[in-house]
Amino acid sequence: YYRRSWSSESSDSVISSESCSNCYRVVLIGEQGVGKSSLANIFAGVHDSIDSDCEVLGDTYERTLMVDGESATIVLLDMWDNKREGEWIRDHCMKVGDAYLIVYSITDRASFEKASELRIQLRRARQKEDIPIILVGNKSDLVRCREVSVAEGRACAVVFDCKFIETSAAVQHNVKELFEGIVRQVRLRRDSKEK
Ligand code: GDP
Ligand code: MG
């Protein structure tokens, strides 16, 4: 059902006439409380009154961004903590993403350790696939409560062969860069396949 709106009477006819080669399904995963929904809300433009042409379907958000002069539609899934639906939701999440944002809180070491576990699970679920992943250290505004250093986050990303960024949903730092970054990661892989 994520695809529903892609073919519907979207206000942006350019996007709907394309064969969705520029649509990416990006999945937020990480421990509860790290800020996934807060990041999703910023993505959805909840906080900006002018530019909020985002479609919301439950815990799925769709928005088109311009990145490096080329448009990209991100369908963002924030359903990892939805336990009402049972465990299948997590299996589903592990299967359907074109790209993943593994989020932890820099103020919570357990969430950082959880992020490593999730990276391993993801690798297991999607063996052989080179999936774009960004490791996201959120809550960077909470400097006095920091439990995970920038260096540790970066080192972890090196081990996991993925990108790394620290964000703050609270003060909206690096959030735009995060979503642009994941588009670039998907494109890098797409472009290297075309060669
Ligand atoms: P989720 O469970 O991963 O979806 O996390 P939420 O987005 O619901 O956030 C959990 C709590 O952390 C909420 O009280 C948020 O206001 C708070 N929070 C989220 N991101 C940040 C951040 O960047 N900085 C600070 N200080 N608080 C944050
Ligand atoms: Mg949430």
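Details of the structure are given in the entry above.
Report follows, based on the coordinates. From a predicted model like this one, the values you see are computed outputs, not experimental measurements.

Take the overall build of the chain next. Within the chain, the secondary structure is distributed over 7 helices and 7 strands. Listing every helix and strand of the chain by position from the N terminus yields α-α-β-α-β-β-β-α-β-α-β-α-β-α. Counting across all 195 residues of the chain, residues that qualify as buried make up 49%. The long-range share in the chain, meaning contacts at least 24 apart out of those at least 6 apart in sequence, stands at 69%. Here the chain has roughly 10300 Å² of accessible surface; of this, 50% comes from carbon and sulfur atoms.

On to unusual backbone geometry. One non-glycine residue with positive phi stands out, namely lysine 139, at about 70°. Inspection of the secondary structure puts lysine 139 in the loop between β6 (133-138) and α6 (150-159). We classify lysine 139 as partly exposed; its relative accessible area is 24%. Located in the positive-phi region is aspartate 161, a residue other than glycine, with phi close to 55°. Positionally, aspartate 161 belongs in the loop between α6 and β7 (163-166). The exposure class assigned to aspartate 161 is exposed, which follows from its relative accessible area of 59%.

Turning to the pairing of β7, a few remarks are in order. Inspection of the sheet shows β6 paired to β7 by 4 bridges, in the parallel sense. Bridged to glycine 137 within β7 is glutamate 166. Considered for its hand, the β-α-β crossover made up of β6, α6 and β7 is right-handed.

What follows deals with the packing of helix α3 (residues 36-43) against helix α7 (residues 175-194). The axes of two packed helices give the description: the angle between them and the distance between them. α7 packs onto α3 with a crossing angle of 85° between their chain directions and a minimal axis gap of 10 Å. Regarding the angle of α3 to α7, the classification is roughly perpendicular. Only Val175, Leu178 and Phe179 of α7 make contact with α3, whose side of the interface consists of Leu39, Ile42 and Phe43. Across the contact of α3 with α7, the residue classes tally to 6 nonpolar, no polar and no charged.

Between helix α5 (residues 109-125) and α6, whose axes approach to 11 Å, the crossing angle comes to 10°. Taken together, the axes of α5 and α6 lie roughly parallel to each other. Contacts from Arg109, Phe112, Ser116 and Arg123 of α5 reach α6 at Glu152, Gly153, Cys156 and Val159. For the contact of α5 with α6, the per-class residue count stands at 3 nonpolar, 2 polar and 3 charged.

Each value, and the rule that gives it
Residues numbered from 1 in each chain as written. Chains lettered and ligands numbered in written order. Predicted model: local features only at pLDDT ≥ 70, side-chain atom pairs only at ≥ 80, totals over all residues. Heavy atoms only, no water. Helix = DSSP H or I, 4+ residues; strand = E, 2+ residues; numbered from the N terminus. Buried < 20%, exposed > 50% of the residue type's maximum accessible area, 1.4 Å probe, protein only. Contact = heavy atoms within 4.5 Å. Areas by Shrake-Rupley, 256 points an atom, 1.4 Å probe, with all protein chains shown as cover. Pairing = 2+ DSSP bridges. Right-handed = clockwise from strand over helix to strand, strands pointing away. Axes fitted to C-alpha atoms, helices over the stretch in contact; angles between N-to-C directions. Parallel < 35°, antiparallel > 145°, perpendicular 65-115°, else oblique. Nonpolar A, V, L, I, M, F, W, Y, C, P; charged D, E, K, R; others polar.

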